[in-house]
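Structure at a glance
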Amino acid sequence: MSPAPPPRTPLSFAAVDLGASSGRVMVGTAGPGVLELREAHRFPNRPVRAGGTLYWDVLGLYRGVLDGLRKAGRAAPRGRLASVGVDSWAVDHGLLDASGALLGNPVHYRDGRTAGAAERAAAVLPPEELYAATGLQYQPFNTLHQLVAARGTPALEAARRLLLIPDLISYWLTGEAGTELTNASTTQLVDPRTGDWARPVAKAFGVDLSLFPPLRRPGDPAGELLGEVLEECGLDGPVPVTAVGSHDTASAVAGVPAESGRAFAYIATGTWSLAGVELEAPVLTEESRAANFTNELGVDGTVRYLRNIMGLWLLQECLRSWEAEGLAPELEALLREAAKAPALRSVVDAGDPAFLAPGRMPARIAEACRRTGQPVPRDPAETVRCVLDSLALAHRRAVADAQRLSGREVEVVHIVGGGARNELLCRLTADACGLPVVAGPAEAAAFGNVLVQARAAGAVRGDLAALRSLLRATRPLRHHEPMGDQAAWRRAEAAVCG
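Residues numbered from 1 in each chain as written. Predicted model: local features only at pLDDT ≥ 70, side-chain atom pairs only at ≥ 80, totals over all residues. Heavy atoms only, no water.

Identification of the chain as Rhamnulokinase from Streptomyces radiopugnans is taken from an unreviewed UniProt entry. Taken verbatim from the UniProt record of the chain, the Sequence similarities (unreviewed entry) comment is "Belongs to the FGGY kinase family." (UniProt positions renumbered as here; feature names shortened; annotations may be inferred.)

As C-alpha cells, this is what we get:
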C-alpha cells in the first residue's frame, strides 16, 4: 500500500522547548519545500531554593506551556494545530503516586544532594562495567546517581511512576504516560546497543524499572490533548501529541542542517555545549570512558557521541554576578570589547566541575587563572574573552577527541543553539578546531522537534538527511573559515591540560 500523499497545504505544529533558563512554545509550519518557525510564547525558567534544596518550578513551567499553546493556536494558520511535541533538558524527573499526583517539585540537577552518590554507585558496579553496559559519561547528577541519592526517602518509597521532565509535561497534557527513548538514554539505565533498558544495571542498583512507563521513540503517538487542556488553551480538538527527540539535544542534533555525505561534527550550544559526532553504533571502549564521552540515543536510531562542556553557563553566571554588583554591562558591548582583548591571554578548563554551581563566577574564573599561573582578567571584557577562548578550546578538544575515539573524521563543524548567535564564539571555534564552522539555526531544538512531528503527520517525508536538506534549503546560515595560529591553540591546550 503506497503512503498517503502529503497535504495540499502546509500544517502547523507546536514545539514546546524547555531549556534550563527559559521555555518557549514555537509554531512551526511545514510541508513540501516549506519550513517556517515563529515564537508564540517565551517564559522564564527560574529554579527555587527552599529548605536547602534547589527545585524546578515545574508547575510554573506547565503554566507557561499552557499559555504558549493558547498563543500558538492563535498564531497557527486557520487556528489549527496538527500536533504538539515536547522537549527539555535531561536527567531530572518527577515522582508520581498511585493516583498520578506529583510527589513534590522535581529536584534540580545542580542541587547538592548527589554529592557522594557516584562513589556509592562505584561500590555497587565499577565505573568501567557501568560504562560498558550503558555508554554514559560520568556526571555527578546522572539520573542513576539521583536515584542512589534518593534511596530510602519517603517520596521515592511512595512513588509508583517516574516521569522525565518532557514526559511529565506530556502526561499532564494527555493523561497518557510514556518514556521517550532519547531522554531515557541519559538516565544511565539504557543499553545504547539495543535501545532498551539495561536490566542487569537496574537490578544491581535495585532500581524498579516498572516505575518507568513503556518506552516511546521519536515519531510515536503520545496521546491527545485532554478536553480540559483544549478548553484552557482555546483549541479545537482533537490535537495529537507526538513523541519527538524529547531530550532537547536530540532535537537540536536532528535540527543540524548538515549536507548529506559530508562528515560533520556538531556543537549544540546553550547553557551547556554538547560537542561530538553522529554515529550508527555506540563507542563503549575504556579509552572512551576515560575521555568522558557519552553515547546518547538520537532520532532514527542514531547515536549522539559527545562530551558535555559547561557552555554559556559560564558567561550567564558572570553576567548575573555583575548585575548583582550593580554593574549590569550590556552583552553586545562586552562582546565587542572582548573581541579586541588579547587572544588566549588566559584560559580555564570549561569542563571543570568547580564551575558547576551558581554564584561568584568571575571570582572563580580569576581563582582558576591564578592557580594555573596565568594572568588574571582585569575587567569584564577580559573575563568574557577568557570564557569564550576557553569554550572554543573545549570545543577543539571535544571535536578532536570525538574523531580519534570514533574513527570518524569530520570536514565541518555545525554550531546550533543559542551560541550560534555569538559570532565571536563561532569564529574562535573555527580557529581553534582548524575547521570550517557553519552557524545556525539558533532554534535548532525547536526545528528538530517540528520536523519529527511533521514527518509523523505526513506533512514532510524522508529520512533524517531529507529533513536536514529541507532545513538547509530554508534557513539562513553563517559560515566561518578557520584563521590564525594553530600553535597558539596547542599552547593554550597544554596550559589547561598540563
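We now examine the overall build of the chain. Broken down by element type, the chain carries 19 helices and 21 strands. Compactness check: the chain gives a C-alpha radius of gyration of 22 Å against a globular reference of 23 Å for 498 residues, within 12% of the reference. For the chain, the spread of C-alpha atoms along the principal axes amounts to about 60 × 55 × 50 Å. Every one of the 498 residues in the chain was classed for burial, and the buried ones make up 58%. Considering only contacts within the chain whose residues lie at least 6 apart along the sequence, 74% involve residues at least 24 apart. Split by element, the accessible area of the chain, about 19,400 Å² in all, is 52% carbon and sulfur. (Helix = DSSP H or I, 4+ residues; strand = E, 2+ residues; numbered from the N terminus. Rg over C-alpha atoms; globule rule 2.2 N^0.38 Å. Buried < 20%, exposed > 50% of the residue type's maximum accessible area, 1.4 Å probe, protein only. Contact = heavy atoms within 4.5 Å. Areas by Shrake-Rupley, 256 points an atom, 1.4 Å probe, with all protein chains shown as cover.)

This part takes up the sheet that holds strand 18 (residues 303–309). The seven strands lie next to each other as 17-18-16-15-19-20-21, forming an open sheet whose pairing is mixed. Strand pairing shows two members of the sheet lacking a second neighbour, strand 17 (294–297) and strand 21 (478–480), which therefore form its edges. Taking the axes of each pair of neighbouring strands and ignoring which way they run, one obtains an average angle of 30 degrees across the sheet. Alignment of strand 15 (residues 264–269) against strand 16 (residues 273–279), held across five bridges, turns out to be antiparallel. The residue bridging Y266 from the neighbouring strand is G276, located in strand 16. (Pairing = 2+ DSSP bridges. Axes fitted to C-alpha atoms, helices over the stretch in contact; angles between N-to-C directions.)

Looking at the assigned domains, one finds that the chain contains domain 1 (11–246) and domain 2 (257–440 + 477–497). Placing the centre of domain 1 and that of domain 2 at their C-alpha centroids yields a distance of 26 Å. Counting residues at the interface gives 26 residues for domain 1 and 24 residues for domain 2. Taking both sides of the interface into account, the surface hidden between domain 1 and domain 2 amounts to around 2,000 Å²; carbon and sulfur atoms contribute 58%. The three residues of domain 1 that bury the most area against domain 2 are R110, Y131 and Q137, which together make up 36% of that side's buried surface. Applying the counting criterion to the domain 1 and domain 2 interface returns zero salt bridges. Secondary-structure elements contributing two or more residues to the side of domain 1 that touches domain 2 are helix 3 (127–134) and helix 7 (181–184). No other element matches helix 3, which puts five residues into the side of domain 1 that touches domain 2. Classifying every residue of the side of domain 1 that touches domain 2 gives 13 nonpolar, 10 polar and three charged. (Domains from an automatic or database assignment. Buried area = accessible area lost by both parts, 1.4 Å probe. Salt bridge = Lys/Arg side-chain N within 4 Å of Asp/Glu carboxyl O. Nonpolar A, V, L, I, M, F, W, Y, C, P; charged D, E, K, R; others polar.)

Another point: the pattern of salt bridges. For the structure shown, the criterion picks out 29 salt bridges. A salt bridge links E443 to R42, with the shortest nitrogen-to-oxygen separation between them at 3.0 Å. Residue E443 is found in the loop between strand 20 (437–439) and helix 17 (444–457), and its partner R42 is found in strand 3 (residues 34–44); the two are separated by 401 residues along the sequence. For E443, a relative accessible area of 13% corresponds to the buried category. E317 serves as the salt-bridge partner of R320, at 2.5 Å between the closest nitrogen and oxygen. Of the two residues, R320 and E317 are both situated in helix 12 (residues 313–324); the distance of three residues between them amounts to about one turn of the helix. R320 gets classed as partly exposed once you look at its relative accessible area, which sits at 42%. One salt-bridge network, in which partners are shared between bridges, spans D17, R24, E39, R42, R421 and E443.

So, on to the side chain of H480. Following the sequence through the fold, H480 ends up in strand 21. Filtering out sequence-adjacent residues up to four positions away, H480 remains in contact with E423, C426, R427, A430, L435, P436, V437 and A439.

Following the UniProt record, one finds the feature "domain: Carbohydrate kinase FGGY C-terminal" (unreviewed entry) at residues 265–457. Secondary structure over residues 265–457 splits into 47% helix and 17% strand, and the C-alpha atoms at its two ends are 29 Å apart.

The next thing to look at is the pairing of strand 15. Counting buried positions over the six residues of strand 15 gives six, a clear majority of the element. Residues F264, Y266 and A268 line one face of strand 15 and the alternating positions A265, I267 and T269 line the opposite face, and both faces are buried. In this structure, strand 15 lies alongside strand 19 (residues 412–417), joined through six bridges in parallel fashion. In the sheet register, Y266 faces strand 19, and the bridge partner there is H414. Counting the residues that bridge the hairpin from strand 15 to strand 16 gives three residues.

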